[in-house]
Every structure is written in structure tokens, then in C-alpha cells.
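So you can see what is in the structure, the chains are spelled out below.
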Amino acid sequence: GLLTIMNAITGVFVDNVLQCTKKNEEMYLVNNVRELFSKIPNGMNGTMSWKVFESLLNTQQMREAIHAINLEPADARGLFRLLDADNSGCVCAQEFFAGCLRLRGPAKALDLAILHFEVKKLAQQITGFLPSHAPPLSTSLEREGS
């Protein structure tokens, strides 16, 4: 009766609050990235090399971006590699923002499916280089995983 209706209303309210909080966090991240890129030549149209990225590690904006994805400044080199989606050696604002959004929170099913596909593709490529008398790669991987 009444308790069920109150629970439903509470659930809708909590869901709306969580959605608003997520949107606020995303807007905060957008503004943070904007401020961070304003510190480099060409601003939002510029790119950050590892050297520039590293030089910005002590700025409030970079610390907050790293904190938003639950990393530590010690993880900066690995983070830079992950953000550099096109392996150009530089990170543009779009890569930075998209990478931070992607790295924030738990992995999505799509992310895991893409990873699974890429690992299978890589395993097939590696198998082509193995001598014909070597055991199949999948058997070797299964033994390591057990």
C-alpha cells in the first residue's frame, strides 16, 4: 500500500539525485580539462606531450582530474599512455576528457567485450608466429590462468 508508494517515490528521487550528481561531475571534469588546457599553448586546440603533462602534475586541475578517476600522481605515466588513444605521443583535450570519462567508474560490458575481442585477435596473430610444434596459445593461457 502506502509503504510501496513511498518506496517507489524514494527510489525515483534517489535515481534523479544520482543522475544529477553524475552530470555535475561530468561538467566539473569538462571545466577542469578546459582550465588545464588553458595553461598550454593553443589552449583547447593544443596537445600535451608527456613532458608538458608531467609539468602540469602539480597543478590543482591535474591533481583533481587524476583523483576523479581514483588514481595517484605516481600512476601519471601509465595514465598518459592510456589517454593517448592514437599513440601520437601527445594528448589533445578530446582524448584527455574522453579518457578520463572512460577510466572513471567500473568497466562497462562494452569495454570488456572490446578487450576480449582485441585479446583474441592478438592471440591469433601470435599463433601465426609460433612454430607448428608449439602447443596452442589458448591451452598455454588456460594453464597459466588456473
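Here is what the cut-offs are and how they apply
Residues numbered from 1 in each chain as written. Predicted model: local features only at pLDDT ≥ 70, side-chain atom pairs only at ≥ 80, totals over all residues. Heavy atoms only, no water. Helix = DSSP H or I, 4+ residues; strand = E, 2+ residues; numbered from the N terminus. Core = buried A, V, L, I, M, F, W, Y, C linked by side-chain atoms within 4.5 Å. Buried < 20%, exposed > 50% of the residue type's maximum accessible area, 1.4 Å probe, protein only. Contact = heavy atoms within 4.5 Å. Polar contact = N/O pair within 3.5 Å; in protein donor to acceptor, adjacent residues only side chain to side chain. Arc of directions from axis to C-beta. Salt bridge = Lys/Arg side-chain N within 4 Å of Asp/Glu carboxyl O. Phe/Tyr/Trp six-rings, centres within 6.5 Å; stacked < 30°, edge-to-face > 60°.

### Points about unusual backbone geometry
Where the residue is not glycine, phi is negative for most of them; where a peptide bond is considered, it is trans in most cases. Phi is positive for N42, close to 70°, though the residue is something other than glycine. Positionally, N42 belongs in the loop between α1 (2-37) and β1 (47-49). Of note, the phi angle at N87 is positive, near 55°, even though the residue is not glycine. Inspection of the secondary structure puts N87 in the loop between α4 (76-83) and β2 (90-92).

### Focus: the nonpolar core
As a rule of thumb, nonpolar side chains are buried together in soluble globular proteins. If you look at the biggest cluster of nonpolar residues, it comprises 21 residues, and the most contacted ones within it are F37, M48, F53, M62, L83 and F96. Of all the secondary structure elements, the ones that give two or more residues to this core are α1, α3 (60-68), α4 and α5 (93-103). Not counting residues up to four positions away in its chain, the partners in contact with F53 are M48, M62, A76, L79, F80, L83 and F96.

### A few points about the side chain of T59
Looking at where T59 falls in the secondary structure, it is placed in the loop between α2 (50-55) and α3. Here L56 takes part through its backbone oxygen, which lies 2.7 Å from a polar atom of the side chain of T59. Here the side chain of T59 touches M62 through a polar contact of 3.2 Å, landing on its backbone nitrogen. If we skip the residues at most four places from it in the chain, T59 touches L36 and K39.

### Quick look at α3
Taken residue by residue, α3 has Q61, M62, A65 and I66 as its buried positions. When α3 is viewed along its axis, its buried side chains cluster within an angular range of 130° and face the same direction. N70 occupies a position one or two residues after α3 and carries a positive phi of about 60°.

### What to know about the pattern of salt bridges
In the structure shown here, the tally under the stated rule is 1 salt bridge. K121 is paired through a salt bridge with E118; the nearest N and O atoms lie 3.7 Å apart. A residue pair is termed a helical-turn pair when its members lie 3 or 4 positions apart in one helix, as K121 and E118 do in helix α6 (residues 109-129) at 3 residues. Classification of E118 by relative accessible area gives partly exposed; the value is 36%.

### Considering α4
Three or more residues of α4 are buried, namely A76, L79, F80 and L83. Down the axis, α4 shows its buried residues gathered within 100° of arc, on one side only. Along its buried surface, α4 packs onto β1, α2, α3, β2 and α5.

### With respect to the packing of aromatic side chains
Tallying each qualifying case throughout the model produces 5 aromatic pairs. Note on F37 and F96: the rings are 5.9 Å apart at their centroids and 80° apart in plane angle, and the pair reads as edge-to-face. One end of the pair, F37, is in helix α1; the other, F96, is in helix α5, and 59 residues separate them in sequence. Classification of F96 by relative accessible area gives buried; the value is 1%. Relative to F80, the ring of F53 lies with its centre 5.2 Å away and its plane at 65°, an arrangement referred to as edge-to-face. Separated by 27 residues along the polypeptide, F53 in helix α2 and F80 in helix α4 bring together distant segments of the chain. Counting every residue linked through ring pairs, the aromatic cluster contains F37, W50, F53, F80 and F96.

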